[in-house]
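# A look at the structure
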Amino acid sequence: MRKIFFILFILVFGLLQATALNYFRLFWVKPDLLLICAVIAALFFSPLAAIGFAIFIGMYKDTLGFYHFGLNTLLFPAWVFLTIQLGRKISLDNDFIRAGFIFLLAALNGVAVKMISDIPVSAGIFFKLLILEPLYTALVSFLILRFICPALENNQSY
Amino acid sequence: MLKLNKRNLIVVLATLLSIFFLSGLIPCLRPAVINTLKFPLTILSLAGREIKGLVFYHRNFIQYSRLINELGILQQRLNTFEEIKEENSRLKGLLALKKESSHKVIAAAVIARDPDNWSSIIIISKGSHHGIREGSVVIGYDGLLGRVIESASMSSKIMLLNDPNLSVSGLSQRSRQEGLICGTLGNALIMKYLPKDADISIGDKIITSGLTSAYPKGLVIGTVTAIEEEFSGLSKYAVVKPAANLSDTEEVLIIVQ
């Protein structure tokens, strides 16, 4: 039940990211809701389920995007794996720490996307996106973790 | 940490192979998924538009009043231009000049945007079924918007002018100075490769040069807002404000002929 609820959650977040979120852009930047979903999957589900969700989220994002191959399908499972491994070393049970971690992950994702897809942007634009996107994503993730995730946390089954 | 015994190694390799296989499948899956999601995307787009309309009601009302006044003035100017057009066609007929054909366009609604911040793509509600092909030029009511990069049966993806992967050859309408227009992922374009002594100034209107067959000549790209020197000091570049609204475009026109 929890997994079905989470899949619906991902589908709605993906649709919002492609539509309504455009009206809430700051300096042409919008938060990456699907990356937040991937981190939530790593935090609240078993490792195998989390990797499965990450592949699904990556594929979903890639179908709405334009990269010639599934760049996010490759990257998202890697970020989820990193989150799972890091979660075993340090405690990620505080919303502030989680938001901070999402900030770092979004920045890492930005660097990876820029390097792999070789987007021809100047250093200024690159750094603008590299700071603003993770910042906005981290701020939004804080709200999501605070208001939506308790529902997932209360029904942990593993 | 994950211990790499034989079983774990097989699981890891199988997972990696499946991920690579699935990532290769994305281009094939894309049209089907977008066609399936077309309805919820359209509904959410419309909902977002309505919410924006309500939130910015006062600004919209002021704009509406101003536009009504402008419409009256433009209607008068249009009448004058109609007269000039008639006169022009009469004179062309006299000179036996071949009549230039106008573009055939299809209107489509924007239903979604790229979820990523690293590109500027929109998804529209019409596709190859309506005659839209990959490479078709897309314009707004104010000027050039971009190009079709993918066309499914009932939807298409358009790369907007401000995407850094799209370049357009442009020229200044006043001085005929040519340059390459590139995107910046924001509300500005860069006109590159201008010689140091290029005749270009702030306020110049930039149009498509028609140097390649990709874009018809004379489509408005934008207006020069700043001119800067390149870091190397060998050339300069101009910052161009796009004529078309790239951030909130709700309807586009696709040139199909």
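These numbers were taken from a predicted model, which means no experiment stands behind them.

Rules and cut-offs
Residues numbered from 1 in each chain as written. Chains lettered and ligands numbered in written order. Predicted model: local features only at pLDDT ≥ 70, side-chain atom pairs only at ≥ 80, totals over all residues. Helix = DSSP H or I, 4+ residues; strand = E, 2+ residues; numbered from the N terminus. Rg over C-alpha atoms; globule rule 2.2 N^0.38 Å. Contact = placed C-beta atoms within 7 Å. Buried ≥ 20, exposed ≤ 12 C-beta atoms within 10 Å, placed from the backbone. Axes fitted to C-alpha atoms, helices over the stretch in contact; angles between N-to-C directions. Parallel < 35°, antiparallel > 145°, perpendicular 65-115°, else oblique. Left-handed = near helix turned anticlockwise from the far one by under 90°. Nonpolar A, V, L, I, M, F, W, Y, C, P; charged D, E, K, R; others polar. pLDDT = per-residue confidence, 0-100. Core = buried A, V, L, I, M, F, W, Y, C linked by C-beta atoms within 7 Å. Expected span 1.5 Å × (residues − 1). Bend = angle between axes of the 7 residues up to and from the residue.

## Overview of the overall build of chain B
The helix and strand tally for chain B stands at 2 helices and 12 strands. Over its C-alpha trace chain B gives a radius of gyration of 23 Å, far above what one expects of a compact globule, namely 18 Å for 257 residues. If you line up chain B on its principal axes, its C-alpha atoms span 85 × 50 × 45 Å. Sequence separation of at least 24 residues holds for 55% of the intrachain contacts in chain B that already meet a minimum separation of 6.

## So, the environment of G222 of chain B
Residue and element names in this part refer to chain B. With respect to the helices and strands, the residue G222 is situated in strand β10 (residues 220-229). Of the residues examined, G222 has 26 C-beta atoms within 10 Å and is grouped as buried. In this structure, the C-alpha to C-alpha distance between G222 and Y237, residues 15 residues apart in sequence, is 14 Å. Setting aside its immediate chain neighbours within four residues, G222 contacts G143, L189, I206, V240, K241, P242 and A243.

## Details of the packing of helix α3 (residues 47-64) of chain A against helix α4 (residues 71-89) of chain A
All names here are of chain A. Axis separation between α3 and α4 bottoms out at 7 Å; the angle between their running directions is 150°. When the axes of α3 and α4 are compared, the pair comes out roughly antiparallel. When the axes of α3 and α4 are compared, the crossing they make is right-handed. Residues P47, A50, I51, A54, I55, I57, G58, M59, K61 and D62 of α3 form the contact with α4, whose participating residues are L71, N72, T73, L75, F76, P77, V80, F81 and I84. A class-by-class count of the residues in the contact of α3 with α4 yields 14 nonpolar, 3 polar and 2 charged.

## Quick look at the confidence of the model for chain B
A low pLDDT score tells you not to read the predicted coordinates there in detail. Confidence in the prediction for chain B averages 84 pLDDT; 95% of positions are at 70 or higher. Prediction confidence for the complex, expressed as pTM and ipTM, is 0.77 and 0.77 respectively.

## A look at the nonpolar core
C37, A38, A41, A54 and I57 of chain A together with I158 of chain B are the most contacted members of the largest nonpolar core, which has 100 residues in total. Among the elements that make up this core, the one with the highest residue count is helix α2 (residues 33-44) of chain A (12 residues). The residues touching A38 of chain A, leaving out its near neighbours within four places in the chain, are A54, I57, F76, W79 and V80 of chain A.

## So, helix α1 (residues 6-55) of chain B
Residues and elements named next belong to chain B. If you check α1, its first and last C-alpha atoms are just 60 Å apart, much less than what 50 residues at 1.5 Å a residue would give, namely 74 Å. C28 marks where α1 bends most, by close to 55°; the proline P31 follows one to four residues later. Here α1 has its buried residues at I19, S23, I26, R30, P31, I34, L37, L41, L44 and S45.

## Quick notes on the packing of α3 of chain A against α1 of chain B
Viewed as axis vectors pointing N to C, α3 of chain A and α1 of chain B meet at an angle of 35°, and their least axial separation amounts to 8 Å. For the pair α3 of chain A and α1 of chain B, the sense of crossing is right-handed. Listed contacts from α1 of chain B to I51, I55, M59, D62 and T63 of chain A of α3 of chain A are T15, I19, L22, I26, L29, R30, V33 and I34 of chain B. Residues belonging to the contact of α3 of chain A with α1 of chain B are distributed by class as follows: 9 nonpolar, 2 polar and 2 charged.

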